[in-house]
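# Fold and contact review
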Amino acid sequence: MDEWQPKITTFLCNWCSYGAADLAGVSRFQYPPFFRIIRVPCSARVSPKFILAALRHGADGVWISGCHPGDCHYLEGNYYARRKFAMLKGLLEHIGIEPGRVSFSWISSAEATKFAETAKIVADEIKALGPAKHFIKKRAEVA
Amino acid sequence: MQEYTEKIRETAKRLLTEGKVDVFIGYRKGTVPMMCEPVLISDPDKTGLLHWDSNCALNLCNYLTKRTDRIGIIANGCNSRNIVTHIIENQIKREQLYILGIPCTGMIDPRAVKRVVKFREIHGVEEKDGRFIVKGDGFEEAFDKKELLQKNCATCLHRNPVLYDELLGDKVPEQDGIEPFRDVKKIEAMGSDDKWGFFTRMISSCIRCYACRNACPLCYCTTCFVDEAQPQWVGKSTDPTDTMTFHILRAFHCAGRCTDCGACERACPMGINVRQFTKKLNKDALELFGWEAGLNDGQRPPLDVYKTDDNNDFIR
Amino acid sequence: MTDKIFNKKDWFDTLKGLRNSYRIFVPVREGDFHNFRSLEDETIPNFDFFNTRLSPKSVVYPQSERMLECLNDTESPEHGVLKEAAKDYSQQAIIGIRPCDAQAFQIVKRNFDNPDYRDPLWVQRFESTILVGMGCNAPCPTCFCSSVGGGPFSEEYLDAIIFDLQGRYLIKGLTERGNEIISNMQGGTPADVKVIDESKAIAALANERVTSTVPSDKLTEKSVTGLFGAPFWEDVAFSCINCGTCTFLCPTCWCFDIQDETCGKQVDRVRNWDTCMSPLFTLEGSGHNPREKKFQRVRQRFMHKLKYYPDKFKSGVQCSGCGRCVRYCPVNIDIRRVAAMMNEY
């Protein structure tokens, strides 16, 4: 297929969102195949370094998903993550990364339907933005 | 502002002679116009070196990190807020410090001075009765302080020190009618491509000297992320993507902790307005979490705490 | 003789004409300061400067440079074969370089081009670079070229020298390559005795203006271990923030670090300027760091510039008096003050 297929680096917390993705798969729910999933213990594990690294490697989008606030397996991780993501999203959009490239969600392990639906929404949003234009590290631009 | 020089010298001498502090950290007059050099004095007879004027713009709190001795230090508004942040972050203990608070009317920006005399060579800048007399090769011109103020001082809302053991002068009235985030809002109004163009152009002259990082009191990590090798998050060359990565990740490490002291912009040898990154984060910390760094030594910084009803709108 | 006079209003056309035979570097205004840039179609040269912010050392020795490249692809016959990155060493000229920066190249050359070691990248690039200098009519208070073997109109390290005479430039050839580039410059008129006298007067005036000094006459006599153990290093080093400003702006600093970078199957071996002020500069693989403390690094820099280099090469200090470190050090550590302390110790 010649049509461009986005690459979306996806960080899913082990206890909730990864379980939802697993359940979606087992239940044969259809969702776009653009997601490269990385399992992390908790959404709080996702450091801005990871998000920047994904963008540097040419990811067209980054999606981070964790447990609902109040349901974090480690009790408070996603609360800290929520504040961190709010500030990082603000900074990334401020320097010119298009809104929608980096997105977040809370999906519990039972919500396989929500996972498939959110995946479709994220994929559509990134397809509309087009391939990533900024922040890609190719060969060093040096003399 | 020079009236503080005598008071600083007297107090430093007294503190050292009485053995209340082991060392005193202040500034000495620079060897080139519009510069002051941070200095550490342990001999009470050398306190005559100490000096204070509108060029004392490097943040002395930078020199406090992990010291174990008893230190006398001078601090204006922003520097005192950085001391509070240092205490909260366990980089120094309150008991170690004897702080001389200085109500500050702002620092002048050498770049602004050079621009206003159209880049003719400056031999000296003298502060007299609130006016700044700039002398150079065949010229002498006088300016008001507000024409020459450093950008962060022009929008400063905390000119008086927030933490001190002794206040060296009467508190100055805080500025009003200031819109501290006007330049941030201007950028926020741009489209994504224009924003990217703005920031790419702004850092295009960066030579990765790390003067901004090293002048910042908040950057005290023993291993900075730029020096991490496994994995390597950012390359060491002047590649534009690597340079952008360095700047935004460094700014993010200061999220919610930056007091806008301007040391980073002052230190940059290429005159880059690096505060454009941290100012956005300061605005967000204020609007999202009601937080301004270094004003309260009892509260944890915003990314260190949470509320169960924090803003959730941006999350699906 | 080949010396020529050019009217300033025709000067840019003359420079553009030179592009037929050379790659030309000129000072260009960038924001609040100047830097040397390659003269392209849209470039606007600007000679209204004291000196460039960054030294022209990057014309010969770029801050980041690809040295070698190779493929990391087991299916390719070239897998793992290191190849030299393609470079263009055709003739180039730096127009308007100040005598201090030109002297700096000679200082660095002793390190990069000697019987024991020849840096192929630096040497090839330097040998293809012609230095058409511009004397300084108005040396700055921070200039101290005269006390380190140079001067505002020093001709020793240049191929040709330009005298700025109000509305005109006088260009004097100093070497064969200098004469050749002058003969390639279109639009000038032969110099007359009156103009040459004018130029000598300007040079004499300029020489008198350099009053700042770096006292270094007694340094080679002093004992290395004595200076090394001097008590003033902690004081000198206190304010240093260990950035790379002095080293990167300095035309005589030469240290670098080599890193391999990969992008997919492509591997590049890149050389970047490095700074001895960085704590990582001497960090060894074992974890030991001989210059772990700040004062050790600051001491190293001044000892290298003012003691180790003159002791080793016996040709003066490793400094050309350009004054950039003095002007742009964020904390105002002044090499002139430190040199005086070392000289008197």
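The structure displayed is predicted, hence computed values, not measured ones. (Residues numbered from 1 in each chain as written. Chains lettered and ligands numbered in written order. Predicted model: local features only at pLDDT ≥ 70, side-chain atom pairs only at ≥ 80, totals over all residues. Heavy atoms only, no water.)

## Observations regarding the domain arrangement of chain B
Frequently, the measure chosen for interface size is the accessible area that the parts lose on association. All names here are of chain B. Domain annotation of chain B identifies domain 1 (4–109 + 149–315) and domain 2 (110–148). Relative placement of domain 1 and domain 2: their C-alpha centres are 25 Å apart. In this complex, domain 1 contributes 15 residues to the contact, which on the side of domain 2 involves 14 residues. Roughly 1,200 Å² of surface becomes buried between domain 1 and domain 2 when both sides are summed, with 56% attributable to carbon and sulfur atoms. The interface formed by domain 1 and domain 2 contains zero salt bridges. Connecting domain 1 to domain 2 are twelve residue pairs in polar contact (both at pLDDT 80 or more). (Domains from an automatic or database assignment. Contact = heavy atoms within 4.5 Å. Buried area = accessible area lost by both parts, 1.4 Å probe. Salt bridge = Lys/Arg side-chain N within 4 Å of Asp/Glu carboxyl O. Polar contact = N/O pair within 3.5 Å; in protein donor to acceptor, adjacent residues only side chain to side chain.)

## Some details on the interface of chain B and chain C
Facing the 40 residues of chain B at the interface are 43 residues of chain C. A combined buried area of about 3,200 Å² lies between chain B and chain C, and 54% of that area is made up of carbon and sulfur atoms. Ranking the residues of chain B by area buried against chain C places B:Glu37, B:Glu121 and B:Ile207 at the top, with a combined share of 18%. Between the two partners, chain B and chain C, sit four salt bridges. A salt bridge links C:Arg337 to B:Glu37; the nearest nitrogen and oxygen atoms lie 3.6 Å apart. Top element by residues in the side of chain B that touches chain C is strand β2 (residues 36–41) of chain B. It accounts for five residues. (Helix = DSSP H or I, 4+ residues; strand = E, 2+ residues; numbered from the N terminus.)

## Observations concerning the packing of helix α3 (residues 77–95) of chain A against helix α11 (residues 275–289) of chain B
In the contact formed by α3(A) and α11(B), the axes pass within 10 Å of each other and the chain directions differ by 140 degrees. Judged by the inter-axis angle, α3(A) sits oblique to α11(B). Read as a crossing pair, α3(A) and α11(B) show a hand that is right-handed. On α11(B), the residues touching A:Arg83, A:Ala86, A:Met87, A:Gly90, A:Leu91, A:His94 and A:Ile95 of α3(A) are B:Gln276, B:Phe277, B:Lys280, B:Leu281, B:Asp284, B:Ala285, B:Leu288 and B:Phe289. (Axes fitted to C-alpha atoms, helices over the stretch in contact; angles between N-to-C directions. Parallel < 35°, antiparallel > 145°, perpendicular 65-115°, else oblique. Left-handed = near helix turned anticlockwise from the far one by under 90°.)

## Focus: the side chain of C:Asn111
All names here are of chain C. Following the sequence through the fold, Asn-111 ends up in helix α3 (residues 99–112). Asn-111 gets classed as buried once you look at its relative accessible area, which sits at 18%. Among residues more than four places away in sequence, those in contact with Asn-111 are Tyr-117, Trp-254 and Phe-313. (Buried < 20%, exposed > 50% of the residue type's maximum accessible area, 1.4 Å probe, protein only.)

## Digging into the interface of chain A and chain B
Opposite the 46 residues of chain A that make contact, chain B presents 48 residues. Roughly 4,100 Å² of surface becomes buried between chain A and chain B when both sides are summed, with 66% attributable to carbon and sulfur atoms. Looking only at chain A, the three residues that lose the most surface to chain B are A:Arg83, A:Met87 and A:His94, adding up to 23% of its buried area. The tally of links between chain A and chain B comes to six salt bridges. Note that A:Arg56 is salt-bridged to B:Asp242, the shortest N-O span being 2.8 Å. Remark: the boundary between chain A and chain B carries 22 residue pairs in polar contact (both at pLDDT 80 or more). Secondary-structure elements contributing two or more residues to the side of chain A that touches chain B are α2 (48–56), α3, β4 (102–106) and α4 (112–129) of chain A. Tallying contributions element by element places α3(A) first for the side of chain A that touches chain B, with 16 residues. Of the residues that constitute the side of chain A that touches chain B, the class distribution is 24 nonpolar, seven polar and 15 charged. (Nonpolar A, V, L, I, M, F, W, Y, C, P; charged D, E, K, R; others polar.)

## What about the nonpolar core?
Ranked by internal contacts, the top residues of the largest apolar core, which has 181 residues, are B:Ile83, C:Phe302 and C:Met342. Of the residues forming this core, the biggest block, eight residues, is contributed by α3(A). For C:Phe302, the contacting residues outside a window of four places in its chain are C:Trp233, C:Val236, C:Lys307, C:Ile333, C:Ile335, C:Val338 and C:Met342. With 23 residues, the next largest nonpolar core counts C:Ile24, C:Leu39, C:Phe47 and C:Met134 among its residues. (Core = buried A, V, L, I, M, F, W, Y, C linked by side-chain atoms within 4.5 Å.)

## Re the environment of C:Val26
Residue and element names in this part refer to chain C. One can find Val-26 in strand β2 (residues 23–30). Owing to a relative accessible area of 0%, Val-26 belongs among the buried residues under this scheme. Here the alpha-carbon distance between Val-26 and Ile-95, two residues 69 residues apart in the chain, equals 5.4 Å.

## Focus: unusual backbone geometry
Omega for the bond connecting B:Gln230 with B:Pro231 falls within 30 degrees of zero, at 0 degrees, which places this linkage in the cis form. Note that B:Pro231 resides in the loop between α8 (211–215) and α9 (240–253). A positive phi angle, close to 50 degrees, is found at B:Asp129, a residue other than glycine. Mapped onto the secondary structure, B:Asp129 falls in the loop between β5 (122–128) and β6 (131–136). Even without being glycine, C:Lys314 reaches a positive phi, approximately 50 degrees. Within the secondary structure, C:Lys314 is located in the loop between α10 (294–313) and α11 (324–328). C:Lys314 sits in the exposed class, given a relative accessible area of 69%.

## Quick notes on the packing of aromatic side chains
Counted by the stated rule, this structure contains 37 aromatic pairs over all chains. The interplanar angle of 75 degrees and the centroid separation of 6.4 Å between the aromatic rings of A:Trp15 and A:Tyr74 together place this pair among those described as edge-to-face. Of this pair, A:Trp15 sits in the loop between β1 (8–13) and α1 (17–26) while A:Tyr74 sits in the loop between β3 (61–66) and α3, and the two are 59 residues apart along the sequence. Taking the relative accessible area as the measure of exposure, A:Trp15 reaches 38% and is therefore partly exposed. Arranged with centres 4.9 Å apart and planes meeting at 75 degrees, the rings of B:Tyr210 and B:Phe246 form a pair that is edge-to-face. Taken together, the residues B:Tyr210 in the loop between α7 (192–202) and α8 and B:Phe246 in helix α9 connect sequence positions 36 residues apart. Judged by relative accessible area, B:Tyr210 falls into the buried class, the value being 12%. When the ring centre of B:Tyr210 is taken as origin, the NZ or CZ atom of B:Arg213, which lies over that ring, is 4.4 Å away. (Phe/Tyr/Trp six-rings, centres within 6.5 Å; stacked < 30°, edge-to-face > 60°. Lys NZ or Arg CZ within 6 Å of the ring centre and 35° of its normal.)

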